[in-house]
Amino acid sequence: MLSRLGALLQEAVGAREPSIDLLEAFVEHWKGITNYYIESTDENTPAKKTDIPWRLKQMLDILVYEERQQTAANEAGPCLEYLLQHKILETLCTLGKAEYPPGMRQQVFQFFSKVLAQVQHPLLHYLNVHRPVQKLLRLGGTVPGSLTEKEEVQFTTVLCSKIQQDPDLLAYILEGKKMVGKKKASREPSTLPREAAGTKDHSPNCDPRGAWSPTSPLPIEPEGGMGESNLITFLIGLCKSKKGRVALKAQENLLVLVSVASPAAATYLVQSSPCCPAIVRHLCQLYQAMPAYLDPADIATLEGISWRLPNAPSDEAAFPGREALAAFLGWFDYCDHLIMEAHTVVADALAKAVAERLLMEILQPQLLHVSEQGILTSTSLLTAMLRRLRSPALLRETVAFLLGTEPPTTTPEDRPPTLCAHLIRHCDHLSDEISIATLRLFEELLQKPHEQIIHSLVLCNLEGRPYVARGSAEPESYEDTLDLEEDPYFTDGFDTSFQPAAKPPPAPATNSDGKTAVTEIVNSFLCLVPEEAKTSAFLEETGYDTYVHDAYGLFQECSSRVSPWGWPMGLTPLDSHEPERPFFEGPFLQMLFDRMSRILEQPYSLNLQVTSVLSRLALFPHPHIHEYLLDPYISLAPGCRSLFSVLVRVIGDLMQRIQRVPQFPGKLLLVRKQLMGQVPGEQLDHQTLLQGVVVLEEFCKELAAIAFVKFPPHGLHLSLPLSPEGHV
């Protein structure tokens, strides 16, 4: 098209002075547009049915062709000089604002986009380009559903592309008042043609074309850009579009802005633009637009929502607030992605803004509220947010919000009331639904790659191994450490005649480093539940080997996540001369152990969640966690309890309860089949107890599998066979 245009122009007027002919043609097309407004009397004819679109297209083609014919690099041709001097873009912007003829705004956006994209000469440094660009930005992005959304997002795409190529433009396009005028000297076109010298804009600091003079300071305009409409607010307005492609493209353009590599541009974006406040304001608005109560099961159905796939799957059941929930989760995922991709300066500021505005100001009061529905909904939403969270900066702020920034103390009375303390109490709430939802929150938190999480919840209380009795000899036999009459948690009225179903070997084997052999640990857990309380052997696909396979994958994933933290490979040596200090397992483990001790009295779904969290903890490859949660043979300090000692007490309680349940084995097998969906569910006597026994058996197998994959050395466990009795 451009070559044909050039050929026609040269054939018409000869080839001696093609630039003059191009200028005449350019001026003629512009006068044709202005004459339309002088001569036309029909105000209803759409712009696309006039010759305005054709004339704008010809003007664009002339500008591009002229630039290609220029021999001097970075020099503006006569047609471009004319466009700048006569403020054609500013005039077009005024016509677009008036929307006369109808549809003119669409034509103006298209022309601006094509000129900025196709003309290679740097234009945005010129005042007579910058001003109309700013005015055009104020025209769009404010009304969702605008007829010009497609053209608006194309316009922002061009601007963001220019900023990506030259990050110094960011502050200028965002109405930067103090952008240094360097680099402009080499970009200044030569003097104006004498024919175009009559300009009306001769400010002291500008040349007649509206370009900044390289020797003069930039004008200082009144402050107030933070609250004005600019490229940032324009893009966020387009992000709210109901048209999926428009919203997605606007989000991609905003992502380009926040990821600019220039530190100066990033600093300006944070300190002098509405970027972070506007993004977080929209996030808070979407949160507050959701219903006050949402069912946790409904929230879980939108697992697949992301900023690139913001619409919920159509095959999912509808529920009140579904669209509002999908919009919030999609924008939160987008904020997280922004923080991950943004310049460090922008990422930190945006993460802090999310933490302050959403987490602290809105979410925290709901988590601490007395309304059970409010607690349940806010906890479930926070869990859904954690599940989507990937950016280190936002994870750091979220962990500080949940766990605090102060180092944890070791005694209960020294701990100030924190949000974490409230959440731990919610895990033992009178409402089982709130307890389950909060336990899910902690389970999700434990899967995040942040060392402070496991340290604050568990490890800070295990430092120095105060749970181990000082000065005690190494155990010589199984009975030395598991004598039920000696167990401080097993002497308060339980039937001490109970013996384990299958007695392990008399002396646990140890490795050269003193660790109890894995076979002894595994058998201790597998033999903990008595035979009369086991039912998995009667059904298929409930064997211990299935847990081994699952535990291996989970352990590898957990080990990979914590590998950068530099955890020790071995236990901290005990000083036999060091006096014993009081041991407190911490409020988190205390709550889990208390819940575990009531496994025979709690609902099935709650028991599943408690054991799931304990399994997540047991997977961590820290030697102190492994010893405290998975080694049955440690010699506990007086008054201390471990996971194994809690399980032993539960088994003792179970043996007494079994005697009060007629036909216990048959009912237990029936309940297991009901839970597996093999037989129709029907209400039975002692159903809570029977379901708790099933969970207890499976949990012991799961703990055995976790111990199995954590020790011995990597790969050795794959060759160990399983015996028919369930022993290794």
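As recorded in an unreviewed UniProt entry, the chain goes by FHF complex subunit HOOK-interacting protein 2B isoform X2 and comes from Erinaceus europaeus. Comment text from UniProt for the chain, heading Sequence similarities (unreviewed entry), reads "Belongs to the FHIP family."

Asks: Help me understand a negative patch on the surface in this model?
Replies: Side chains of D295, E372, D432 and E433 sit close together on the surface and give a patch of like negative charge. Locating D295 in the fold gives a position in the loop between α13 (275–288) and α14 (296–300). With a relative accessible area of 31%, D295 lands in the partly exposed category.

Asks: Explain the pattern of salt bridges to me, please; I cannot follow it from the model alone.
Replies: Close approach of charged atoms lets side chains of opposite charge pair. Here the structure, examined in full by the defined rule, presents 24 salt bridges. With a closest N to O distance of 2.8 Å, R657 and E601 form a salt bridge. One end of the pair, R657, is in helix α28 (residues 643–658); the other, E601, is in the loop between α25 (587–597) and α26 (604–619), and 56 residues separate them in sequence.

Asks: Looking at this structure, how should I read the side chain of T535?
Replies: Within the secondary structure, T535 is located in the loop between α23 (518–526) and α24 (544–562). A relative accessible area of 2% means that T535 is categorised as buried. A polar atom in the side chain of T535 sits 2.5 Å from the side chain of R672. Residues within four places of T535 in sequence aside, it is in contact with L668, L669, R672 and E697.

Asks: How should helix α10 (residues 231–239) be read in this particular structure?
Replies: Along an α-helix, a turn takes 3.6 residues, which lines up residues three or four apart on a common side. The element α10 is largely enclosed, with a buried count of eight among its nine residues. If you check the start of α10, you find a side-chain oxygen 3.0 Å away from the backbone N of I232, and it comes from N230.

Asks: Before we go on, may I ask you to explain helix α30 (residues 687–710) in this structure?
Replies: Between the first and last C-alpha of α30 there are 35 Å, a value that for 24 residues agrees with the 34 Å anticipated at 1.5 Å per step. Summarising burial for α30: 22 of the 24 residues are buried, a large majority.

Asks: How should I be thinking about the packing of helix α8 (residues 149–165) against helix α11 (residues 244–258) in this particular structure?
Replies: Each pair of packed helices can be summarised by the angle the axes make with each other and by the distance between the axes. At a minimum axis distance of 9 Å, the contact between α8 and α11 shows a crossing angle of 20 degrees. As far as their axial angle goes, α11 and α8 are roughly parallel. As α8 packs across α11, the resulting crossing turns out to be left-handed. Contacts between α8 and α11 involve E149, K150, V153, T156, T157, C160, I163 and Q164 from the first element and V246, K249, A250, N253, V256 and L257 from the second. Of the residues contributing to the contact of α8 with α11, the split by class is seven nonpolar, four polar and three charged.

What counts and what doesn't
- Residues numbered from 1 in each chain as written.
- Predicted model: local features only at pLDDT ≥ 70, side-chain atom pairs only at ≥ 80, totals over all residues.
- Heavy atoms only, no water.
- UniProt positions renumbered as here; feature names shortened; annotations may be inferred.
- Patch = residues over 30% accessible without salt bridge, like charges linked within 9 Å, V, L, I, M, F, W, Y side chains within 5 Å.
- Areas by Shrake-Rupley, 256 points an atom, 1.4 Å probe, with all protein chains shown as cover.
- Salt bridge = Lys/Arg side-chain N within 4 Å of Asp/Glu carboxyl O.
- Lys, Arg positive; Asp, Glu negative; His and termini not counted.
- Charge placed at Lys NZ, Arg CZ, Asp CG, Glu CD.
- Helix = DSSP H or I, 4+ residues; strand = E, 2+ residues; numbered from the N terminus.
- Buried < 20%, exposed > 50% of the residue type's maximum accessible area, 1.4 Å probe, protein only.
- Polar contact = N/O pair within 3.5 Å; in protein donor to acceptor, adjacent residues only side chain to side chain.
- Contact = heavy atoms within 4.5 Å.
- Expected span 1.5 Å × (residues − 1).
- Axes fitted to C-alpha atoms, helices over the stretch in contact; angles between N-to-C directions.
- Parallel < 35°, antiparallel > 145°, perpendicular 65-115°, else oblique.
- Left-handed = near helix turned anticlockwise from the far one by under 90°.
- Nonpolar A, V, L, I, M, F, W, Y, C, P; charged D, E, K, R; others polar.

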